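Residue-level listing of the chains:
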Amino acid sequence: MKLDRVIAVRNAKTIYRDGDRCVKVFNENYSKADVLNEALNQARIEETGLNIPKILEVTMLDGKWAIISEYIEGKTLAQLMQENPEKKEEYLNLFVDLQLDMHSKTCPLLNKLKDKMSAKIAKAELDATTRYDLHTRLEGMPKHNKVCHGDFNPSNIIITNDGKPYIIDWSHATQGNASADAARTYLLFWLGGDIDGAEKYLNLFCSKSDTAKQYVQKWMPIVAASQSVKGNEKEREFLLSWVDVVDYE
């Protein structure tokens, strides 16, 4: 195996290309349970029929866990948006269509989104009263069982040279409410500094899915609080500022 071509370096993991295989190598102290859960998520999502890279093996390389999957040749939607700003509207439409197609699938063995969020809110740097309020609101939200990506953003979509889209990075996948997944995507646009993109995305999502914008917005403080337990200081501050946005007009 030749791990000489680095594709990406992310938090606690490095992704390499080895011919037609993609090798994601995790740092030594990365949780074995989390690596195996990510591989299991991806294997389960393969069974839904969505376009995703297939898992080939899970192994250890020099004492580090690694997930090996198909390498998908192409550019991310984020790259295409940057290279062709005049086509951003077209790309956003495709992006939302892909998300809605994903939300049309079910995968009964995935972890439940509400359970994951509840556990994360319990760990958030918030006072007990705010955590109680968020837990109560989360409990009151409708339970759904749609496939949710949990990190659905344009850098996790690869478009092949012949125009076929693939969704990558299934480490955060759960089954639950599509509007919670949309709230997460909206906040990711904000975190990336693309506030105009965030608004356009939310309008498209609500219009195409016939969802009230207020309903997605209701999820935002809950999603922001649950996401605030990871990431750097600046991201945490930003996300926690959304927790105070309780009432929307």
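Preceding block: the structure.
First things first, this report covers the structure right here in the doc. The structure presented is a predicted model; accordingly, all values stated were derived computationally and were not measured.

### Details of the packing of aromatic side chains
No. 1: In the structure shown here, the tally under the stated rule is 10 aromatic pairs.
No. 2: Summarising the aromatic geometry, the rings of Trp190 and Trp242 are spaced 5.5 Å apart at their centres and angled 85 degrees between planes, so their arrangement reads as edge-to-face. Taken together, the residues Trp190 in helix H6 (residues 178-191) and Trp242 in helix H9 (residues 233-243) connect sequence positions 52 residues apart.
No. 3: Owing to a relative accessible area of 9%, Trp242 belongs among the buried residues under this scheme.
No. 4: Ring pairing ties together the aromatic residues Phe95, Phe152, Phe189, Tyr201 and Phe205, which thus form one cluster.

### As for helix H1 (residues 32-46)
No. 1: With 15 residues, H1 extends 21 Å from end C-alpha to end C-alpha; this agrees with the ideal 21 Å at 1.5 Å per step.
No. 2: Of all the positions in H1, only Val35, Glu38, Ala39, Asn41, Gln42 and Ile45 are classed as buried. The buried residues of H1 occupy an angular sector of 155 degrees when projected down its axis, which confines them to one face.
No. 3: Of the surrounding elements, those touching the buried residues of H1 are strand E3 (21-26), strand E4 (55-61), strand E5 (64-70) and strand E7 (146-148).
No. 4: Of the residues flanking the start of H1, the one acting as N-cap is Ser31, its side-chain oxygen 3.3 Å from the backbone nitrogen of Ala33.

### Some remarks on the pairing of E3
No. 1: With five of its six residues buried, E3 lies for the most part within the structure.
No. 2: Bridge analysis of strand E2 (residues 13-18) against E3 gives six bridges, and the strand direction is antiparallel. Across the sheet, the residue bridging to Tyr16 is Val23, located in E3.
No. 3: The loop that links E2 with its antiparallel partner E3 comprises two residues; one of these, Gly19, has a positive phi angle of about 65 degrees.
No. 4: The pairing of E3 with E5 spans five bridges and is antiparallel. Each bridged residue has a counterpart across the sheet, and for Arg21 the counterpart in E5 is Glu70.

### Here's the deal with the nonpolar core
No. 1: With 54 residues, the main nonpolar core has Trp170, Tyr201 and Trp219 as its most contacted residues.
No. 2: Examining the composition of this core, we find that seven residues originate from one element, helix H8 (residues 213-227), more than from any other.
No. 3: Setting aside chain neighbours within four positions, we find Trp219 in contact with Leu113, Met117, Leu138, Met141, Pro142, Asn177, Ser179, Ala180 and Ala183.
No. 4: If you look at the next biggest cluster of nonpolar residues, it comprises six residues, including Tyr16, Val23, Val25 and Ala66.

### Notes on the environment of Phe238
No. 1: Along the chain, Phe238 turns up in helix H9.
No. 2: For Phe238, a relative accessible area of 19% corresponds to the buried category.
No. 3: A C-alpha to C-alpha distance of 11 Å links Phe238 and Leu188, two positions 50 residues apart in sequence.

### Quick notes on the sheet that holds E3
No. 1: Strand order in the open sheet made by the five strands is E1-E2-E3-E5-E4, with antiparallel pairing throughout. Of all strands in the sheet, those with a lone pairing partner are strand E1 (5-10) and E4, marking the two edges. Within the sheet, the average angular offset between the axes of one strand and its neighbour, ignoring direction, is 20 degrees.
No. 2: Looking at chain direction, E1 and E2 are connected through five bridges and run antiparallel. If you follow Arg10 over to E2, its bridge partner there is Lys13.
No. 3: Docked against the sheet, H1 engages E3, E4 and E5, running at close to 15 degrees with respect to E5.

### A closer look at the pattern of salt bridges
No. 1: Using the criterion set out here, one finds 14 salt bridges in the structure.
No. 2: A salt bridge links Asp194 to Lys88, with the shortest nitrogen-to-oxygen separation between them at 2.5 Å. Here the residue Asp194 occupies a position in the loop between H6 and helix H7 (195-209), and Lys88 occupies one in helix H3 (residues 88-103), the gap between them amounting to 106 residues.
No. 3: Where Arg236 meets Glu233, a salt bridge forms, and the shortest distance between an N and an O atom there is 3.0 Å. Of this pair, Arg236 and Glu233 both sit in helix H9, separated by three residues, roughly a single helical turn.
No. 4: Note on Arg236: relative accessible area 18%, which makes it buried.
No. 5: Assessed through its relative accessible area of 52%, Glu233 is described here as exposed.

What counts and how
Residues numbered from 1 in each chain as written. Predicted model: local features only at pLDDT ≥ 70, side-chain atom pairs only at ≥ 80, totals over all residues. Heavy atoms only, no water. Phe/Tyr/Trp six-rings, centres within 6.5 Å; stacked < 30°, edge-to-face > 60°. Helix = DSSP H or I, 4+ residues; strand = E, 2+ residues; numbered from the N terminus. Buried < 20%, exposed > 50% of the residue type's maximum accessible area, 1.4 Å probe, protein only. Expected span 1.5 Å × (residues − 1). Arc of directions from axis to C-beta. Contact = heavy atoms within 4.5 Å. Polar contact = N/O pair within 3.5 Å; in protein donor to acceptor, adjacent residues only side chain to side chain. Pairing = 2+ DSSP bridges. Core = buried A, V, L, I, M, F, W, Y, C linked by side-chain atoms within 4.5 Å. Axes fitted to C-alpha atoms, helices over the stretch in contact; angles between N-to-C directions. Salt bridge = Lys/Arg side-chain N within 4 Å of Asp/Glu carboxyl O.

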